[in-house]
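# Working through the structure, step by step
Below are the chains, spelled out letter by letter.
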Amino acid sequence: MRVSRFPLFTTKETPADAEIVSHQLMLRAGMIQKVAAGLYNWLPLGLRVLRNVEAIVREEMNRTGAMEVLMPAVQPAELWQESGRWDQYGPLLLRIRDRHDRDFCFGPTHEEVITDLVRRELRSYKQLPLTYYQIQTKFRDETRPRFGVMRAREFVMKDAYSFHLSQASLQETYDAMRTAYSRVFERLGLDFRPVRADTGDIGGSVSEEFHVLADSGEDAIAACDGCDYAANTELAESRPPKPTQQQPAEAREALTPDIHTVAEQAELLGLNVDQIVKSVVVMADGEPAVLYVVGDDELNTVKAARALEAGDIRLAEPEEALNATGVPRGFIGPRGLPEGLRQVVDHRAAAAVNFSSGANRKDYHWVNLNWDRDMPLPPTADLRTVKAGEGCPNCDGTLSITRGIEVGHIFQLGTKYSESMGATVLDESGSDALMTMGCYGIGVSRVVAAAIEQNHDDNGIIWPAPLAPFKVALISINIHRSEAVAEKSGELYQQLLDAGLDPIWDDREARPGVKFADMELIGVPHRIVVSDRGIEAGTLEYRGRRDSENQNIPMEGALDFLRERIGPG
Ligand code: ATP
Ligand code: MG
């Protein structure tokens with residue numbers, strides 16, 4: 001590619017609305033251009049990188065024996081009504097109507113379409129197991145599209161779906177996919193980790209996410225220093241603390257006006273924060289519920305949604321909490337709470353002895369409350385977010401918390417979709433058998449941004465070789481004044497092209513500084529410079545994107561030198 005013919009669209013200015021470095025650099029390098037919130041044009045430079053990711057994903061999927069298909073982006077509502085998700089999916093689903101007033105959605109994922117595809121094509125157990133995949137555009141009407149293509153509304157996903165007659169067969173494909181995912185992210189040169197995960201809207205039981213580790217990641221991961229336990233904090237657990245051996249004391253009400261925080265409450269009452277049980281009112285699918293966690297614990301809304309079997313959960317507004325309980329926020333508690341309200345107690349709060357909680361009247365708290373003695377213990381569940389330094393649930397190790405970007409997610413779905421949509425094949429005995437399913441996603445466009453989060457410096461992107469939009473940058477100094485430079489550069493460019501070394505030639509009439517800055521910004525891994533001085537000495541100047549020094553290499557043999565640096569592929 002010649003830069004004089006292929007505008008780079010690079011800029012020095014950091015775009016004001018780009019918060020994280022990958023978003024800034026993708027815009028500055030001219031990889032993407034915003035069309036509207038969460039919608040982007042992929043410019044030539046960006047698309048080259050996206051296609052490189054796709055190619056590796058495709059190769060590794062094909063290697064597992066999965067077969068590529070292409071399903072429509074627009075999906076009929078009927079399929080979603082069959083699975084029951086038309087009503088469950090909520091505002092993330094972009095619903096549209098055609099000219100005949102029929103309902104459709106823009107697919108956020110393809111379980112329904114693929115289940116429909118196989119139920120119409122597959123007849124016999126002999127055709128199983130079978131895995132289909134596609135690399136295709138999804139739309140999710142995200143609440144807060146942000147960070148560029150990292151959390152876009154329209155994005156490219158590789159989604160694969162497998163079909164089986166037995167759990168053992170599903171497990172086998174799931175394990176093969178897990179291996180394939182590790183190969184993909186290894187080949188892409190990324191520092192990643194598979195972690196246990198929540199299954200969310202998709203359903204199913206067993207699931208793992210693949211995270212690229214980066215401080216800017218939206219997910220928190222709890223990982224053990226002693227074993228391979230690693231889980232998204234949306235579901236991570238820690239070792240329960242030893243139970244306290246306190247004798248129950250007499251419950252009493254205490255006057256606690258002007259108390260706003262758990263710390264203030266603990267101090268006023270002379271208690272430890274872990275002797276405070278706080279009440280959190282949430283709206284779960286529009287219905288209020290009261291959840292109890294220990295004072296310094298954070299309510300985990302993903303766990304809470306699971307415990308309440310709610311699709312949509314959020315903290316109640318003060319007004320909503322007051323309506324539900326009749327008590328001002330801060331003074332709500334389990335003893336004397338109006339009947340009929342749903343309540344769930346976190347395991348640690350359930351283990352609390354002689355604890356303090358709101359007295360359900362303004363300015364008062366109970367002290368020395370005990371479950372069962374003072375009020376019945378509601379259902380219990382894991383509702384809290386684990387903290388760094390807590391014990392691993394699997395071994396004697398300690399958990400630490402790191403941040404990650406979810407780039408892939410694999411699930412064992414079971415029969416959720418085949419059951420609701422009637423996807424069966426004939427089994428060995430000739431009777432109908434439901435297929436068991438797995439599904440496996442990679443956020444192809446998100447991978448591009450995640451790779452930049454892990455690979456950049458002050459000057460720009462540093463592409464891992466397999467992702468790079470070009471392998472070699474050829475920079476000509478003073479090309480418009482020196483015929484020798486123009487000629488030698490043209491020759492070299494042709495040789496690089498012929499050798500398949502994917503060159504980008506900066507043949508513009510621009511200052512050398514501008515050219516160097518652009519090639520560093522767009523992250524080309526290798527750079528050679530042609531100048532009059534070099535031609536006289538019979539040398540080229542070489543520099544790898546991560547090197548701190550230039551190196552003069554003989555003009556003759558430059559191709560071999562580069563081939564060796566670039567390596568195979
Ligand atoms: P997240 O938790 O980040 O919202 P998800 O768990 O809803 O993602 P999945 O349904 O597991 O996403 O989709 C498979 C993959 O698609 C994810 O692992 C992620 O890499 C990618 N992905 C999901 N949502 C987006 C988005 N809004 N923009 C870009 N990529 C996305
Ligand atoms: Mg996911």
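What counts and what doesn't
- Residues numbered from 1 in each chain as written.
- Chains lettered and ligands numbered in written order.
- Predicted model: local features only at pLDDT ≥ 70, side-chain atom pairs only at ≥ 80, totals over all residues.
- Heavy atoms only, no water.
- Pairing = 2+ DSSP bridges.
- Helix = DSSP H or I, 4+ residues; strand = E, 2+ residues; numbered from the N terminus.
- Axes fitted to C-alpha atoms, helices over the stretch in contact; angles between N-to-C directions.
- Donors = N, O, S within 2.8 Å, 3.2 Å for Na, K, Ca; no water.
- Buried < 20%, exposed > 50% of the residue type's maximum accessible area, 1.4 Å probe, protein only.
- 1 Å grid on protein atoms, 1.4 Å probe; cavity = no way out; pocket = protein on both sides within 12 Å on 5 of 7 lines; lining within 4 Å.
- Points joined across faces, edges and corners; volume = space filled by probe spheres on them.
- Nonpolar A, V, L, I, M, F, W, Y, C, P; charged D, E, K, R; others polar.
- Contact = heavy atoms within 4.5 Å.
- Salt bridge = Lys/Arg side-chain N within 4 Å of Asp/Glu carboxyl O.
- Lys, Arg positive; Asp, Glu negative; His and termini not counted.
- Polar contact = N/O pair within 3.5 Å; in protein donor to acceptor, adjacent residues only side chain to side chain.
- Near = heavy atom within 4 Å.
- Areas by Shrake-Rupley, 256 points an atom, 1.4 Å probe, with all protein chains shown as cover.
- Phe/Tyr/Trp six-rings, centres within 6.5 Å; stacked < 30°, edge-to-face > 60°.
- Domains from an automatic or database assignment.
- Buried area = accessible area lost by both parts, 1.4 Å probe.

## A short note on the sheet that holds strand S13 (residues 252–255)
- In spatial order, the strands read S13-S19-S18; together these 3 strands make up an open sheet with antiparallel pairing. Each edge of the sheet is formed by a strand with only one pairing partner; in this case those strands are S13 and strand S18 (355–358). Put simply, the sheet's adjacent strands are angled 30° from each other on average, direction ignored.
- Of the pairings in the sheet, the one linking S18 to strand S19 (residues 364–369) comprises 3 bridges and is antiparallel in character.

## Considerations on the coordination of the magnesium ion (ligand 2)
- Summarising the metal site, the magnesium ion (ligand 2) is bound by the protein donors Glu406 (OE) and His409 (ND1), whose distances to it range over 2.2 Å.
- On the basis of relative accessibility, which here comes to 22%, the residue Glu406 falls in the partly exposed class.

## Comments concerning empty space enclosed by the protein
- A full pass over the atoms with the stated rule returns 2 cavities of 30 Å³ or more.
- The calculated volume of the largest cavity comes to roughly 70 Å³.
- No other element matches strand S21 (residues 399–414), which puts 3 residues into the lining of the largest cavity.
- Residues that form the lining of the largest cavity fall into these classes: 3 nonpolar, 3 polar and 5 charged.
- The class makeup of the residues in the lining of the second largest cavity is 7 nonpolar, 1 polar and no charged.

## Description of the sheet that holds strand S27 (residues 472–476)
- The strand order across the open sheet built from 5 strands is S28-S27-S29-S30-S31, with neighbouring strands paired in mixed fashion. Each of the sheet's edge strands pairs with one partner strand only, and the pair in question is strand S28 (503–506) and strand S31 (551–554). Sheet twist, expressed as the average angle between the axes of neighbouring strands with direction ignored, equals 30°.
- In this structure, S27 lies alongside strand S29 (residues 526–530), joined through 5 bridges in parallel fashion. Its bridge partner lying in S29, Ile475 is registered against Val529.
- The strands touched by helix H14 (residues 512–521) within the sheet are S27, S28 and S29, with S27 carrying the most contacts at an inclination of about 170°.
- Along the sheet face, helix H16 (residues 558–566) touches S27, S29, strand S30 (539–544) and S31 and points at about 125° away from the line of S31.

## Digging into the pattern of salt bridges
- Counted under the stated rule, the structure contains 39 salt bridges.
- Salt-bridge contacts for Arg119 lead to Glu82; the nearest nitrogen and oxygen are separated by 2.8 Å. With Arg119 in helix H5 (residues 111–121) and Glu82 in helix H3 (residues 77–83), the pair connects residues that are 37 residues apart, well separated along the chain.
- Its relative accessible area of 33% is what places Glu82 among the partly exposed residues.
- For Arg508, the salt bridge is made with Asp506, and the minimal N-O distance between the two is 2.8 Å.
- Take Asp506: its relative accessible area is 0%, and that puts it in the buried class.
- One salt-bridge network, held together by shared partners, links Asp296, Asp297, Arg348, Arg384, Lys387 and Glu390.

## Some thoughts on the side chain of Asp219
- Tracing the backbone through its elements, the reader meets Asp219 in strand S11 (residues 219–224).
- Of the side chains with opposite charge, Arg151 comes closest to the buried, unpaired Asp219, at an N-O distance of 5.4 Å.
- In this structure the side chain of Asp219 is engaged in a polar contact, spanning 2.8 Å, whose partner is the side chain of Asn232.

## Topic: the site of ligand 1
- Around ligand 1, the surrounding shell holds 14 residues, and the nearest of these are Arg140, Glu142, Arg151, Ala152 and Glu406.
- A distance of 2.7 Å separates an oxygen atom of ligand 1 from a polar atom in the side chain of Arg151.
- Contact between ligand 1 and Val407: an oxygen atom at 3.4 Å from a main-chain N or O atom of the residue.
- Relative to its unbound accessible surface of 580 Å², ligand 1 loses 86% to contact with the protein.
- For the shell around ligand 1, the secondary-structure elements that each account for two or more residues are strand S8 (154–164) and S21.
- With 4 residues, the single largest contributor to the shell around ligand 1 is S21.
- Here the shell around ligand 1 is composed, by residue class, of 6 nonpolar, 3 polar and 5 charged.

## Considering the packing of aromatic side chains
- Tallied over the entire structure, the rule returns 12 aromatic pairs.
- Where Tyr181 meets Phe185, the ring centres are 6.3 Å apart and the plane angle is 80°; that geometry is what we call edge-to-face. Note that Tyr181 and Phe185 are positioned in helix H6 (residues 167–187) at a spacing of 4 residues, about one turn of the helix. You'll find Tyr181 and Phe185 in the same group, each marked buried.
- Centre to centre, the rings of Tyr292 and Trp371 are 5.8 Å apart; their planes meet at 65°, and the pair counts as edge-to-face. Here Tyr292, found in strand S15 (residues 287–294), pairs with Trp371, found in the loop between S19 and strand S20 (380–381); they are 79 residues apart in sequence, far enough to count as distant.
- Taken together, Tyr181, Phe185, Phe192 and Phe210 form an aromatic cluster joined through their ring pairs.

## What about the domain arrangement of the protein chain?
- Under the domain assignment used here, the protein chain contains domain 1 (19–210 + 411–452), domain 2 (252–381) and domain 3 (470–566).
- Contact residues are listed per partner, giving 5 residues for domain 1 and 4 residues for domain 3.
- A combined buried area of about 430 Å² lies between domain 1 and domain 3, and 72% of that area is made up of carbon and sulfur atoms.
- Applying the counting criterion to the domain 1 and domain 3 interface returns 1 salt bridge.
- The partner of Asp502 in a salt bridge is Arg48, and the shortest N-O contact between them spans 3.4 Å.
- Summed over the shared surface of domain 1 and domain 3, the result is 1 residue pair in polar contact (both at pLDDT 80 or more).
- Broken down by secondary-structure element, the contributors of at least two residues to the side of domain 1 that touches domain 3 are helix H1 (21–28) and helix H2 (44–63).
- Looking at the side of domain 1 that touches domain 3, its residues break down into 3 nonpolar, no polar and 2 charged.

## Considering unusual backbone geometry
- A cis geometry characterises the amide bond from Leu128 onward to Pro129, with omega recorded as -5°.
- Following the sequence through the fold, Pro129 ends up in the loop between H5 and strand S7 (130–139).
- In this structure, Asn360 takes a positive phi of about 60° despite not being glycine.
- Along the polypeptide, Asn360 turns up in the loop between S18 and S19.
- With phi around 60°, Asn478 is a residue other than glycine that occupies positive phi space.
- Its place among the elements puts Asn478 in the loop between S27 and helix H13 (483–498).
- Judged by relative accessible area, Asn478 falls into the partly exposed class, the value being 32%.

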